[in-house]
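If you want the building blocks of each chain, they are given just below.
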Amino acid sequence: MRLCSDTYFIARTQKSLDYIQRMGLAGHLGTDTAWKFDSTSYEKWAVTQLKQSGWDGVSPLLGIAPINPFWWPVKPSLVKWLRANFSGDHSLQFQLWYFFSWSTQRKQQFDDYLEALALSVNEFTAKHPCHVVILGMEQLDTDAVSRLTSKLNVPVSSFLSSDYDGYQMAALLRQLSWLITSRYHAEVLSTAGNVPSVAISMDERLDNIMQEMDMGRFQLLHADDADLPAKLADSLEYIQSHPEQIKENIGNQLERCQNTFEEMGDFLIQWLLSDRDAV
């Protein structure tokens, strides 16, 4: 508090704001700046890339943004750092002396998560022919993308953030017909394309956004759900059969958040120009 007494927060969610205020810090509720991210100039590029990767230009597009939900939290360890440098195995090194959490149990959970995705997508594509697009939203997702691709029974187009910038990834997301995501920003960025989605969450970020959009009942799952394959299969059928209601929810959320974003800009200007003690 002594070092942060002049700090003011514009929080992304009510839960975050509550946490800040419990610490005695000032702030109010805003929104994520990604709601205003504009990829319009890359839309034609995205269509061309998808066609070049195997899409026929007509079939629906099912997108998947997978992660490894089970190697968090990252923790510092000098012992692991020394071991990694001695052995040359840096596979669990996040950066410097920070390492992902990992164990036999976590590995099995990750395997189960990927298997649930593959089983559900294979079942869905057998009923509803479509082209599958897998997006690695962060470089950390490369392994998840590769392993999931190998489990699918249909041709797949893959796009990794290490090869494409944020505008390009957003434009690709906005071409989708449906999305399965464990990445928060894949969900946010896809909304401008009115893309019905299923979130497989590992923390409160996706939980909050899906509940804000009134999509928590049928479209919010969790990575450690015991019956994830069956739940995901049901959720995919739901978003396939209820597009209009879902798109209405998305549109309402998009309008609210874009209006809030404008208000944030006005507030920031006034805050910078005013006596901050009076805010």
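This text follows the structure it describes.
Computed from a predicted model, the values in this text were never measured in an experiment.

**As for the layout of surface pockets**
Each pocket or cavity is described by its volume, and for the largest pocket that value is around 270 Å³. As for the largest pocket, its lining consists of 18 residues, and the residues nearest its centre are Arg 12, Leu 29, Gly 30, Glu 212 and Gln 253. When residues of the lining of the largest pocket are traced back to their parent elements, those giving at least two are α1 (14-22), α8 (204-212) and α11 (243-273).

**A closer look at the environment of Arg 12**
For Arg 12, the location among the structural elements is in the loop between β1 (8-11) and α1. Counting along the chain gives 154 residues from Arg 12 to Gly 166, while the straight-line C-alpha distance between them is 20 Å. A polar atom in the side chain of Arg 12 sits 3.0 Å from the side chain of Asp 32.

**Digging into empty space enclosed by the protein**
Enumeration according to the criterion identifies one cavity of 30 Å³ or more in this entry. The volume enclosed by the largest cavity comes to roughly 50 Å³. Here the residues of the lining of the largest cavity are counted per class, giving four nonpolar, two polar and three charged.

Conventions used here
- Residues numbered from 1 in each chain as written.
- Predicted model: local features only at pLDDT ≥ 70, side-chain atom pairs only at ≥ 80, totals over all residues.
- Heavy atoms only, no water.
- 1 Å grid on protein atoms, 1.4 Å probe; cavity = no way out; pocket = protein on both sides within 12 Å on 5 of 7 lines; lining within 4 Å.
- Points joined across faces, edges and corners; volume = space filled by probe spheres on them.
- Helix = DSSP H or I, 4+ residues; strand = E, 2+ residues; numbered from the N terminus.
- Polar contact = N/O pair within 3.5 Å; in protein donor to acceptor, adjacent residues only side chain to side chain.
- Nonpolar A, V, L, I, M, F, W, Y, C, P; charged D, E, K, R; others polar.

Interpretation in functional terms is not warranted from these geometric data alone.
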